[in-house]
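The primary structure of each chain is shown beneath.
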Amino acid sequence: MSRSGEFCPRCGDEIEANLDARPTAPGAAGPRDGDSVLCDDCYFAEFDLVDAPDRIDVRVCSRCGAVHRGNRWVDVGAQDYTDIAVEEVSEALGVHLEATDVSWEVAPEQVDENNIRMHCQFSGVVRGTLVSEEVVVPVKIARQTCDRCGRIAGGSYAAIVQVRADERTPTDEEEEIAREVAEAYIADREATGDRNAFITEVDEVDEGLNMKISTNQMGQGIAKRIVDRLGGSFEDYETLVTEDGDGNEVYRVTFAVRLPRYRAGEIIDPEDGDGPVLVRSVRGNLKGTRLATGEDYEASFEDGDAPEARRLGTREDARETTVVAVEDDNAVQVLDPETYAAETIPRPDYFDPAADDVPVIKHREGLHILPDAAAGADED
Ligand SMILES: [Zn+2]
Ligand SMILES: [Zn+2]
């Protein structure tokens, strides 16, 4: 041992001089007591590799899995609180700055439903010596209700989105889509960390769907997206609900969505002499296909998505029937699917002369050939 001429201020022993040879991190300050260097014995006597809290309390929302951090709730979508406990403990642990080659492991031991003992195993190199340490941090999971879930449970909402349809009730599919649109909108807002975004309640009523939404702005956003997706339009109106404690008037806003009178896949007769139309789209002006010729039909600007017309059925009413003979460019003979009598009917341009069977719709005006579902796929 070479002599350094320095002495430990704690115990008075002379300190070994080969400090420079030790594989400590570059730039790491030597262990000191004030300005003086301690000997290894004194240094390790009070050395803690790991700085750990005595215990950790984790507050989680038992309804939505949010975790309380700092002074607010954060959505982490937790199903498994053990993962949350591991994460919280890992963040709370500190390793001594002078340690290098640090490795560590955190192993949860479930004590009961709400208590986890977290075994934290650390090792690292300090002053050329491999040091290891185990600490056990008790974690208590406190199941609570976050502010948002509390508001939902309390029935809080600011807007209602009503989904209705013009002269009919919305179909199950339309209601399903409207609901998906609302849920996707709220999920997008939640993804940005907005904890004010929620749907309090979805009610299926005779006339359609009612959805209670947390804020007016989101109610409007949802109504707009439903119309973008399904056509139609919406209006909003305010309802005075109550006065709050300070005598301020509190309003709720209803966004009333009216879906178009006809829907894609419906067969209507505008009674303009050119025969029935298969509706392809109701976004903007109603657009469709004439069943007698295959030509395009578009409602006038004034009529928009609701021209005066009689409803004849929907694509779902179509039945396959046999083609008996192709008569000429304008006529084809098929079997009536109900009476099996041969009928001469109009030949639209989408009719495939090689086809043995075609889908037809029978209505009070007679029989018409429909385009194949795939070929005539509507834009909606
Ligand atoms: Zn000493
Ligand atoms: Zn919650």
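Residues numbered from 1 in each chain as written. Chains lettered and ligands numbered in written order. Predicted model: local features only at pLDDT ≥ 70, side-chain atom pairs only at ≥ 80, totals over all residues. Heavy atoms only, no water.

**A few points about the packing of aromatic side chains**
By the definition in use, this model includes five aromatic pairs. Ring geometry for phenylalanine 44 versus phenylalanine 47: centroids 5.9 Å apart, planes at 75 degrees, classification edge-to-face. Phenylalanine 44 sits in the partly exposed class, given a relative accessible area of 26%. Relative accessible area serves as the criterion here: at 11%, phenylalanine 47 is assigned to the buried category. By the ring-pair criterion, three or more aromatic residues cluster together here, those being Tyr43, Phe44 and Phe47. Sitting above the plane of the tyrosine 43 ring, arginine 127 keeps its charged end 4.3 Å from the centroid. The lysine or arginine in question, arginine 252, covers the ring of tyrosine 157, its NZ or CZ lying 3.9 Å from the ring centre. (Phe/Tyr/Trp six-rings, centres within 6.5 Å; stacked < 30°, edge-to-face > 60°. Buried < 20%, exposed > 50% of the residue type's maximum accessible area, 1.4 Å probe, protein only. Lys NZ or Arg CZ within 6 Å of the ring centre and 35° of its normal.)

**Details of the confidence of the model for the protein chain**
On average, the protein chain scores 87 in pLDDT, and the residues at 70 or more come to 91%. Segment residues 19-29 is flagged for pLDDT under 50; beyond a separation of four residues in sequence, or across chains, it makes eleven contacts in the model. Predicted confidence is poor over residues 376-380, with pLDDT under 50, and the contacts of this stretch with residues over four places away or in other chains come to 14 contacts. (pLDDT = per-residue confidence, 0-100. Contact = heavy atoms within 4.5 Å.)

**Here's the deal with the coordination of the zinc ion (ligand 2)**
Taken together, Cys61 (SG), Cys64 (SG), Cys146 (SG) and Cys149 (SG) make up the full set of protein donors to the zinc ion (ligand 2), lying 2.2 to 2.3 Å away. Each of the four donor atoms around the zinc ion (ligand 2) contributes to a set of angles spanning 106 to 113 degrees, which defines the coordination as tetrahedral. Read N to C, the donor residues that coordinate the zinc ion (ligand 2) are spaced as C-x2-C-x81-C-x2-C. Of the two residues, cysteine 61 is situated in strand β6 (residues 56-61) and cysteine 146 in the loop between β12 (129-144) and α3 (147-153); the sequence distance between them amounts to 85 residues. Taken as a pair, cysteine 61 and cysteine 146 share a single burial class, namely buried. (Donors = N, O, S within 2.8 Å, 3.2 Å for Na, K, Ca; no water. Tetrahedral: all angles 85-135°; square planar, octahedral: opposite > 155°, others 65-115°. Helix = DSSP H or I, 4+ residues; strand = E, 2+ residues; numbered from the N terminus.)

**Comments concerning the pattern of salt bridges**
Scanning the model with the defined rule gives 30 salt bridges in all. Close ionic contact of arginine 69 with glutamate 88 constitutes a salt bridge, the shortest N to O distance being 2.7 Å. Taken together, the residues span a long stretch of sequence, with arginine 69 in strand β7 (residues 67-69) and glutamate 88 in helix α2 (residues 81-92) at a distance of 19 residues. In this structure glutamate 88 comes out as buried when scored by relative accessible area, which is 15%. For arginine 261, the salt bridge goes to aspartate 166, with nearest N and O atoms at 3.1 Å. (Salt bridge = Lys/Arg side-chain N within 4 Å of Asp/Glu carboxyl O.)

**A closer look at the coordination of the zinc ion (ligand 1)**
At 2.3 to 2.4 Å from the zinc ion (ligand 1) lie its protein donor atoms, namely Cys8 (SG), Cys11 (SG), Cys39 (SG) and Cys42 (SG). Coordination at the zinc ion (ligand 1) comes from four donor atoms whose angles at the metal span 104 to 115 degrees, giving a geometry best classed as tetrahedral. One chain supplies every donor for the zinc ion (ligand 1), spaced along it as C-x2-C-x27-C-x2-C. One end of the pair, cysteine 8, is in the loop between β1 (3-7) and β2 (14-16); the other, cysteine 39, is in the loop between β4 (36-37) and α1 (40-45), with 31 residues separating them in the sequence. The two residues cysteine 8 and cysteine 39 agree in class, both being buried.

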